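Here is how the chains run, residue by residue.
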Amino acid sequence: MNQATTNSVPTRPSGIALLPLAVFLTLFIGAGVYFDSQGVDFAFYQLPSVIAILPGIVLAILLSKQKLNQTIDTFIAGIGHSNIIAMCLIYLLAGAFASVAKATGGVDATVALGLSLIPSNLLLPGFFIIAAFIATAMGTSMGTIAAVAPIALGVAEEAQIDYALMAGAVLSGALFGDNLSIISDTTIAATRTQGCEMKDKFKENLIFALPAAIITLGLFALAAQGEAKVAEQQIDFIKVIPYLTILVLAVAGLNVFLVLSIGILLAGITGIATMDYGVIQWGKDIYAGFTNMQEIFILSMLVGGLAALMQQQGGLLFVSRQIEKLITRFSKQKGEASGRAAELGMAAIVSVTNTAVANNTVSIVVTGDIAKELAQKHNVCPKRAASVLDIFACIIQGIIPYGAQALLAASIFTITPLAAVANAWYCFVLALVAIAILIWRKRD
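No experiment lies behind these values; they were computed from the predicted model shown.

Quick look at helix α11 (residues 198-223)
Each α-helix turn comprises 3.6 residues. Residues three or four places apart therefore point the same way.
Here comes step 1: Helix length check: α11 (26 residues) gives 35 Å between terminal C-alpha atoms against 38 Å at 1.5 Å per residue, within 8%.
Here comes step 2: In the structure, α11 departs most strongly from a straight axis at Leu206, where the bend amounts to approximately 40°.
Here comes step 3: Among the residues of α11, those classed as buried are Met198, Lys201, Phe202, Glu204, Asn205, Phe208, Ala209, Ala212, Ala213, Thr216, Phe220 and Ala223.

Encoded structure:
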């Protein structure tokens, strides 16, 4: 986020300044562990993150050595940073597009198109591709799982495919698409915190994701079980157009605000032209999309304010110095070795954070400042830093059984979350591919 405050940044690092973040993570994780022990569904989501962070903010204010008014000004400056505000506005537009496109039949049309193209003997890789495309277009792995998993369950039952395998295929495809999507909240967070264009990060991500996806498709093809004749689908191509349009425009480099606005406009016009869908309902669906982004919108602002306080008090400098020591230890020379160690350091810190908070977007927002400082110091280009953050957050999100994606997939397929993530092969393959690329790829 590169938080700027109206006050000078301290020259001395301070581990104490990280206590507010520790309080936030302890409350969030502790509540999740408690509710999980009580058998509550979606245990790690019972205590809203925007509530769990409040005690941490209060502690950060109490730890500040500034006058109260100056401390509040620092906090507000963090909330109002241009990157944070831009990120939040993009969240709203992305939520509105997803809501309108779903209400006007775009999701159903895309699923029907995918089902019509699946060979009966390649159902597992077929559902991986369907989930991948929908997640790339919608920008949400959760929405994709909710839309595709019930259909995949019915097909798996008819073809006598192991439910855990099918759940793994859907989960893998959803995370692949969410990681690549230019309207995903993780992409928004990664590009805004690192200061790069979405199209550049998309192209960079392909270097990691495409080989992993090809390998995963091969594995699912080898594991394919049984056949099922999928009922003939009624395909409405016009309802797929909004998704295809935003993908093309985004990759072409058009401003993301304009891309999403065009997507909302096209989805609404498509609904009005093809179904009983009026302007008033269109407005309601746009607003519903805004409200769907409420938690991540508010959390991003609060994390921005907390990050500004921790930066002013030396907390982020402390973390940066510790990572620097590790980089120095494992990298005796500058240039490629230094950049490689910095990228591995970014991967490690976002992975540890996401393991703790079980939310890939939050983990990117929290670690964005540290990653950017490392990138600048060790000549890692912004698109590469953004890609590393998003990829490793995606990997962890797909293999933790208490993540929202695993919990949702498990509930639909009536399996354990552990069984779901054990078959999310894409995440494991991506981890191996990404680490290999970070270690051996030549740098500019």
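So, the pattern of salt bridges
Here comes step 1: Under the counting rule described, the total for this entry stands at 3 salt bridges.
Here comes step 2: Here Glu204 and Arg384 are joined by a salt bridge, their closest N and O atoms 3.4 Å apart. Linking Glu204 in helix α11 with Arg384 in helix α19 (residues 382-399), this pair joins segments that are 180 residues apart in sequence.
Here comes step 3: Given a relative accessible area of 4%, Glu204 falls into the buried group.
Here comes step 4: Looking at Arg384, the relative accessible area reads 5%, which means it is buried.
Here comes step 5: The network of salt bridges with shared partners includes Glu204, Glu343 and Arg384.

Quick notes on the packing of aromatic side chains
Here comes step 1: In the structure shown here, the tally under the stated rule is 6 aromatic pairs.
Here comes step 2: Residues Tyr34 and Phe35 carry aromatic rings whose centres are separated by 5.3 Å and whose planes lie at 70° to one another, so their mutual orientation is edge-to-face.
Here comes step 3: On the basis of an interplanar angle of 40° and a centroid distance of 6.3 Å, the ring pair of Phe128 and Phe220 is categorised as tilted. One end of the pair, Phe128, is in helix α7 (residues 123-138); the other, Phe220, is in helix α11, and 92 residues separate them in sequence. Both residues of the pair, Phe128 and Phe220, count as buried.
Here comes step 4: Members of the aromatic cluster, joined through ring pairs, are Phe128, Phe176, Phe220, Trp425 and Tyr426.

Section: the environment of Leu206
Here comes step 1: Here Leu206 is to be found in helix α11.
Here comes step 2: Note on Leu206: relative accessible area 28%, which makes it partly exposed.
Here comes step 3: Leu206 has contacts with Leu180 and Pro211, leaving out every residue within four places of it along the chain.

A look at a nonpolar patch on the surface
Here comes step 1: A surface patch of nonpolar side chains, about 400 Å² in accessible area, is lined by Leu344, Ile435, Ile439 and Trp440.
Here comes step 2: In terms of residue count, helix α22 (residues 425-440) provides more of the nonpolar patch than any other element does, 3 residues in total.
Here comes step 3: Its place among the elements puts Trp440 in helix α22.
Here comes step 4: Trp440 sits in the exposed class, given a relative accessible area of 68%.

Quick look at the nonpolar core
Note on soluble globular proteins: their nonpolar side chains tend to be buried together.
Here comes step 1: Residues Phe127, Ile145 and Phe392 are the most contacted members of the largest nonpolar core, which totals 121 residues.
Here comes step 2: Apart from residues no more than four positions distant in its own chain, Ile145 is found in contact with Pro150, Val170, Leu171, Ala174, Gln405, Leu408, Ala409 and Ile412.

A look at unusual backbone geometry
Glycine aside, negative phi is the norm for most residues, and most peptide bonds take the trans geometry.
Here comes step 1: At Asn379, a residue that is not glycine, the phi angle is positive and equals roughly 60°.
Here comes step 2: By the secondary structure assignment, Asn379 is in the loop between α18 (360-377) and α19.

Observations concerning helix α20 (residues 404-413)
Here comes step 1: Of all 10 residues in α20, 9 are buried; the element is thus mostly enclosed.
Here comes step 2: Of the residues making up α20, those classed as buried are Ala404, Gln405, Ala406, Leu407, Leu408, Ala409, Ala410, Ile412 and Phe413.
Here comes step 3: Tucked inside the fold, the buried residues of α20 contact α8 (141-159), α9 (163-180), α19 and α21 (417-422).
Here comes step 4: Looking at the residues trailing α20, positive phi occurs at Thr414, about 55°.

Quick word on the packing of helix α10 (residues 185-194) against α19
Here comes step 1: Where α10 contacts α19, the axes come no closer than 9 Å and their chain directions differ by 145°. Taken as a pair, α10 and α19 cross one another with a handedness that is right-handed. Across the interface between the two elements, Thr186, Thr187, Ala190, Thr191, Thr193 and Gln194 from α10 touch Pro382, Ala385, Ala386, Leu389 and Asp390 from α19.
Here comes step 2: When the residues that make up the contact of α10 with α19 are grouped by side-chain class, the tally is 5 nonpolar, 5 polar and 1 charged.

A short note on the packing of α10 against α18
Here comes step 1: It is at 9 Å that the axes of α10 and α18 come closest, and there the two elements cross at 15°. Our classification of the angle between α10 and α18 gives roughly parallel. The crossing of α10 and α18 is right-handed. Across the interface between the two elements, Asp185, Thr186, Ala189, Ala190, Thr193 and Gln194 of α10 pack against Asn360, Thr361, Ile364, Val365, Gly368, Ala371 and Lys372 of α18.
Here comes step 2: Of the residues contributing to the contact of α10 with α18, the split by class is 5 nonpolar, 6 polar and 2 charged.

Quick notes on the rules
Residues numbered from 1 in each chain as written. Predicted model: local features only at pLDDT ≥ 70, side-chain atom pairs only at ≥ 80, totals over all residues. Heavy atoms only, no water. Helix = DSSP H or I, 4+ residues; strand = E, 2+ residues; numbered from the N terminus. Expected span 1.5 Å × (residues − 1). Bend = angle between axes of the 7 residues up to and from the residue. Buried < 20%, exposed > 50% of the residue type's maximum accessible area, 1.4 Å probe, protein only. Salt bridge = Lys/Arg side-chain N within 4 Å of Asp/Glu carboxyl O. Phe/Tyr/Trp six-rings, centres within 6.5 Å; stacked < 30°, edge-to-face > 60°. Contact = heavy atoms within 4.5 Å. Patch = residues over 30% accessible without salt bridge, like charges linked within 9 Å, V, L, I, M, F, W, Y side chains within 5 Å. Areas by Shrake-Rupley, 256 points an atom, 1.4 Å probe, with all protein chains shown as cover. Core = buried A, V, L, I, M, F, W, Y, C linked by side-chain atoms within 4.5 Å. Axes fitted to C-alpha atoms, helices over the stretch in contact; angles between N-to-C directions. Left-handed = near helix turned anticlockwise from the far one by under 90°. Nonpolar A, V, L, I, M, F, W, Y, C, P; charged D, E, K, R; others polar. Parallel < 35°, antiparallel > 145°, perpendicular 65-115°, else oblique.

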